[in-house]
Amino acid sequence: MYLLLYLIYFYYGIIMMYMAIILLGLQLYSTLAVNPQTFEFKHHNNKELKNVLVNVHKMCPNITRVYTLSGKSVRNQDLYAIEFAMTPGIHTKMIPEYISIGNMHGNEVIGREILLKLAHYLCEQFLHKNKIIQRLISITRIHLVPSLNPDGWDDASKAGKDKELKGRNNANGFDLNRNFPDLNSIMYKNEKLKHGKNHHLLEEIKCLPSNTQPETFAALNLIVDTQAVLASNIHGGELVVSYPYDQARPDNIGYAESPDDDVFRRLASVYANNHKDMSKPTTTCNKKPKLEKQNGIINGAKWYSIQGGMQDIHYLGSNGFCVTLELSCDKFIKEEDLKYEWNRNKNAMIQFMWQTHLGIKGMIYDKRSKKPVPDAIIQVVNISNKIPKIIDHDITSDCLGDYYRLLVNGEYNVTVYADNFYPCSKIVKVNNNPRNGAKCVDFYLIYEKDK
Ligand SMILES: *[C@@H]1O[C@H](CO)[C@@H](O)[C@H](O)[C@H]1NC(C)=O
Ligand SMILES: *[C@@H]1O[C@H](CO)[C@@H](O)[C@H](O)[C@H]1NC(C)=O
Ligand SMILES: *[C@@H]1O[C@H](CO)[C@@H](O)[C@H](O)[C@H]1NC(C)=O
Ligand SMILES: [Zn+2]
């Protein structure tokens, strides 16, 4: 009898112990599930998108800032961005900036999810003291905009996979990558006349076209206010990196070469070559007609000419160099492929951001007062060959007198022009090593009346 009771207690004890372990396990599991440190590969809706960014900020408050672009979508949704920098919210001299924008076509979702994962990854690796990521963030200011078209995403996710084109446009039916003002026509005209500006051409148009969409306007403000050096615009539907110009010259269909063709081809190639498959000749999306890419890259206009795209606006309207990343054959890719796609793109994403540190950068000062000179014009002549070749695309110094000029290896004659100062030239040899930052070249300008 006592033995029986004892056995019952004994087994009861063991059962309770197991129950306790199971309960503890469940508890642990549920805390893990809401732990901001874990990232879930899934299609994040617009509310979840914001939550991911807010959680990343909670994990890394000192090096991040979550903000919204200056305007909202047609249906009044916020356009979220997250920034990584040592001093978030502030442009620091000699720290170049990078912008990446995803999901401007609402049904092309890969950029949205990859940028969310990238934000999480940068923060996590910074906390884990990954030296390379810490170094990148310490010398770069990075802006990630996972979705420029949250309304389109809502439409696309409701429509389902069979309606591929649903949600591409914004809620007013406009394709945002055709909605930017046409600066190419101004540039091409100036080229022919051989005078007029070759940069910051937004200043040449009095007002934006009346059909400019709120999302486009918000992106334009970001581009102009940030003065980023490098940018990417992420799409889906092909596996290729396209580079400017996107808009063909009126008398010349096909390849539209920009003055910085060599730089753009390097930028595009860095992405394609660091992607797991993009540059392989065997990697195609089986579309017709077959895309004539070369090692995973293609000139935008050679592929097909578009007017009002975002990459040409960066280059012609600001100091930024932008390429378009086409990262998936399908547009609304399957949820179960998201992790695989992140792994294919992760290294390319990181290596591409390092390209913000190509070429030269520096400060432009008034020699006498030692005050910085904003809005100076930096002109570059390529003297690597016997015949000097002017690169017909100037850049300008930022508000703090700092400038950034992406260049590939070579020898250059760099001249700085500013109102009321004598021009100042320097011969510079570029031998890129992005991890060390761009080569520093400062200029001290002499005031005309001082001479
Ligand atoms: C943020 O900075 C503060 C002050 O320097 C420091 O005490 C804190 O540990 C930092 N937090 C993180 C998450 O790095
Ligand atoms: C300068 O010229 C050299 C030699 O032709 C070339 O390899 C390099 O790409 C040029 N640089 C730029 C920025 O176009
Ligand atoms: C560099 O450019 C300036 C301005 O055009 C010119 O005066 C100077 O002779 C050039 N120097 C060299 C070595 O080409
Ligand atoms: Zn697209």
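Small disclaimer: the values here were computed from a predicted structure and weren't measured.

Considering the site of ligand 3
For step 1, the next point in the chain: Close to ligand 3 lie Asn413, Thr415, Ser425 and Ile427.
For step 2, the next point in the chain: Between ligand 3 and asparagine 413, the relevant distance is 2.4 Å, taken from an oxygen atom to a side-chain nitrogen or oxygen of the residue.
For step 3, the next point in the chain: Put simply, the parts of the chain that give the shell around ligand 3 at least two residues each are strand 13 (410–417) and strand 14 (424–430).
For step 4, the next point in the chain: Of the residues that constitute the shell around ligand 3, the class distribution is one nonpolar, three polar and no charged.

A short note on the sheet that holds strand 13
In a beta sheet, neighbouring strands pair by backbone hydrogen bonds and run either parallel or antiparallel.
For step 1, the next point in the chain: Spatially, 11-10-13-14 is the arrangement adopted by the four strands of the open sheet, whose pairing is antiparallel. Taken across any chain shown, the strands that pair with only one partner, and hence form the sheet edges, are strand 11 (389–396) and strand 14. Taken pair by pair, the neighbouring strands of this sheet meet at an average axis angle of 25 degrees, ignoring direction.
For step 2, the next point in the chain: As paired strands, strand 13 and strand 14 are joined by seven bridges and run antiparallel to one another. Bridging from a neighbouring strand, threonine 415 pairs with serine 425 of strand 14.

Remarks on the coordination of the zinc ion (ligand 4)
For step 1, the next point in the chain: Taken together, His105 (ND1), Glu108 (OE), Glu108 (OE) and His235 (ND1) make up the full set of protein donors to the zinc ion (ligand 4), lying 2.0 to 2.6 Å away.
For step 2, the next point in the chain: Metal-centred angles of 55 to 150 degrees between the four donor atoms at the zinc ion (ligand 4) mark the site as irregular.
For step 3, the next point in the chain: In the primary sequence, the donor residues of the zinc ion (ligand 4) line up as H-x2-E-x126-H. Of this pair, histidine 105 sits in the loop between strand 3 (97–102) and helix 3 (110–127) while histidine 235 sits in strand 5 (residues 230–235); the two residues are 130 residues apart in sequence, bridging distant segments of the chain.
For step 4, the next point in the chain: On the basis of relative accessibility, which here comes to 3%, the residue histidine 105 falls in the buried class.

Some remarks on the packing of helix 7 (residues 214–226) against helix 10 (residues 310–317)
For step 1, the next point in the chain: Contact geometry of helix 7 with helix 10 gives a least axis separation of 10 Å together with a crossing angle of 35 degrees. Along this stretch, helix 7 crosses helix 10, giving a crossing that reads as right-handed. Counted together, Ala219, Leu220 and Ile223 of helix 7 and Met310, Ile313 and His314 of helix 10 form the full contact between these two elements.
For step 2, the next point in the chain: When the residues that make up the contact of helix 7 with helix 10 are grouped by side-chain class, the tally is five nonpolar, one polar and no charged.

Observations concerning the nonpolar core
For step 1, the next point in the chain: Ranked by internal contacts, the top residues of the largest apolar core, which has 118 residues, are Phe84 and Leu267.
For step 2, the next point in the chain: A total of ten residues in this core trace back to one element, the largest contributor, which is helix 3.
For step 3, the next point in the chain: Residue-level mapping places this core at the junction of two domains, with at least three residues from each of domain 1 (46–357) and domain 2 (360–450).
For step 4, the next point in the chain: Residues within four places of phenylalanine 84 in sequence aside, it is in contact with Val56, Ile63, Thr64, Ala119, Leu122, Cys123, Ile137, Thr140, Arg141, Ile142 and Leu144.

As for the pattern of salt bridges
For step 1, the next point in the chain: Using the criterion set out here, one finds 21 salt bridges in the structure.
For step 2, the next point in the chain: Ionic pairing is found between lysine 42 and glutamate 48, a salt bridge with its closest N-O pair at 2.8 Å.
For step 3, the next point in the chain: Residue class for glutamate 48 comes out partly exposed when judged on its relative accessible area of 25%.
For step 4, the next point in the chain: Three or more residues are tied together by salt bridges with common partners; here these are Glu108, Arg168, Asp175, Arg178 and Lys331.

Some thoughts on the confidence of the model for the protein chain
For step 1, the next point in the chain: Considering every residue of the protein chain, the mean pLDDT works out to 92; 91% of them sit at 70 or more.
For step 2, the next point in the chain: In the model, residues 29–34 has pLDDT below 50 throughout and makes one contact with residues more than four positions away in sequence or in other chains.

Overview of helix 8 (residues 261–274)
For step 1, the next point in the chain: Look at helix 8: 20 Å from first C-alpha to last across 14 residues, which is about the 20 Å you get at 1.5 Å a residue.
For step 2, the next point in the chain: Tucked inside the fold, the buried residues of helix 8 contact strand 5, strand 6 (238–243), strand 7 (297–299), helix 10, strand 8 (321–328) and helix 11 (338–354).

Some remarks on helix 11
For step 1, the next point in the chain: Its 17 residues place the ends of helix 11 24 Å apart at the C-alpha level, agreeing with the 24 Å of an ideal helix rising 1.5 Å per residue.
For step 2, the next point in the chain: The sharpest bend along helix 11 comes to roughly 45 degrees, located at asparagine 345.
For step 3, the next point in the chain: Along helix 11, the positions that sit buried rather than exposed are Leu338, Glu341, Trp342, Arg344, Asn345, Ala348, Met349, Ile350, Gln351, Phe352, Met353 and Trp354.

Thoughts on the state of the cysteines
For step 1, the next point in the chain: Throughout the structure, instances matching the rule amount to two disulfides.
For step 2, the next point in the chain: What pairs with cysteine 60 in a disulfide is cysteine 123, and their sulfur atoms sit 2.0 Å apart. The S-S bond linking cysteine 60 to cysteine 123 shows a torsion near 90 degrees; that makes this disulfide right-handed. In this pair, cysteine 60 is assigned in the loop between helix 2 (46–59) and strand 1 (64–68) and cysteine 123 in helix 3, connecting sequence segments 63 residues apart.
For step 3, the next point in the chain: Judged by relative accessible area, which is 0%, cysteine 123 ranks as buried.
For step 4, the next point in the chain: At a sulfur-sulfur separation of 2.0 Å, the disulfide partner of cysteine 285 is cysteine 329. Looking along the S-S bond of the cysteine 285-cysteine 329 disulfide, the torsion reads about -80 degrees, which is the left-handed sense. Here the residue cysteine 285 occupies a position in the loop between helix 8 and strand 7, and cysteine 329 occupies one in the loop between strand 8 and helix 11, the gap between them amounting to 44 residues.

About the criteria used
In this convention, every chain numbers its residues from 1, walking through the sequence in written order. Labels follow written order: the first chain is A, the first ligand is 1, and so on. Two thresholds apply to this predicted model, a pLDDT of at least 70 for residue-level local features and 80 or more for giving and counting side-chain atom pairs, whereas whole-chain, interface and lining totals are computed over all residues. Calculation of side-chain values draws on the structure's entire complement of heavy atoms; hydrogens and water are dropped beforehand. Note on definitions. A residue lies near a molecule or strand when any single heavy atom of the residue is within 4 Å of it. A 3.5 Å cut-off defines polar contacts: any pair of N or O atoms within that distance qualifies, except that in protein one atom must be a possible hydrogen donor and the other a possible acceptor, and neighbouring residues in sequence count only when both atoms are side-chain atoms. In DSSP terms, a helix is any run of H or I states spanning at least four residues, a strand is any run of E spanning at least two, and both are numbered starting from the N terminus. Charged means Asp, Glu, Lys or Arg here, nonpolar means Ala, Val, Leu, Ile, Met, Phe, Trp, Tyr, Cys or Pro, and polar covers whatever is left, Gly included. Here, strands pair whenever DSSP counts at least two bridges between them. Fitting a line to C-alpha atoms yields each axis, with helices limited to the stretch in contact; the angle taken between N-to-C directions then spans 0 to 180 degrees. Donor atoms (N, O, S) are those found within 2.8 Å of the metal centre, with the cutoff raised to 3.2 Å for Na, K and Ca; water is not part of the atom list, so apparent gaps in a site can occur. The rule is simple: four donors are tetrahedral if all their angles sit between 85 and 135 degrees, four are square planar and six octahedral if opposite donors span more than 155 degrees and the others lie between 65 and 115, and anything that fits none of that is irregular. Three exposure classes are used, based on accessible area relative to the maximum for each residue type with a 1.4 Å probe and protein chains only: buried under 20%, partly exposed in between, and exposed over 50%. Here a crossing is called left-handed whenever its near helix is offset anticlockwise from the far helix by less than a right angle, and right-handed whenever the offset is clockwise. Contacts are assigned to residue pairs with any non-hydrogen atoms lying within 4.5 Å of each other. To form a nonpolar core, buried Ala, Val, Leu, Ile, Met, Phe, Trp, Tyr and Cys residues must be joined to one another through side-chain atoms within 4.5 Å. Residue ranges assigned to the domains are those given by an automatic or database domain assignment. Each salt bridge in this description consists of a side-chain nitrogen of Lys or Arg and a carboxyl oxygen of Asp or Glu lying within 4 Å of one another. Known as pLDDT, the predictor's confidence for each residue is given on a scale from 0 to 100. For a helix, the expected span equals 1.5 Å multiplied by the number of residues minus one. To get the bend at a residue, fit one axis to the 7 residues ending there and another to the 7 starting there, then take the angle between the axes. Only a pair of cysteine sulfur atoms within 2.5 Å counts as a disulfide in this structure description.

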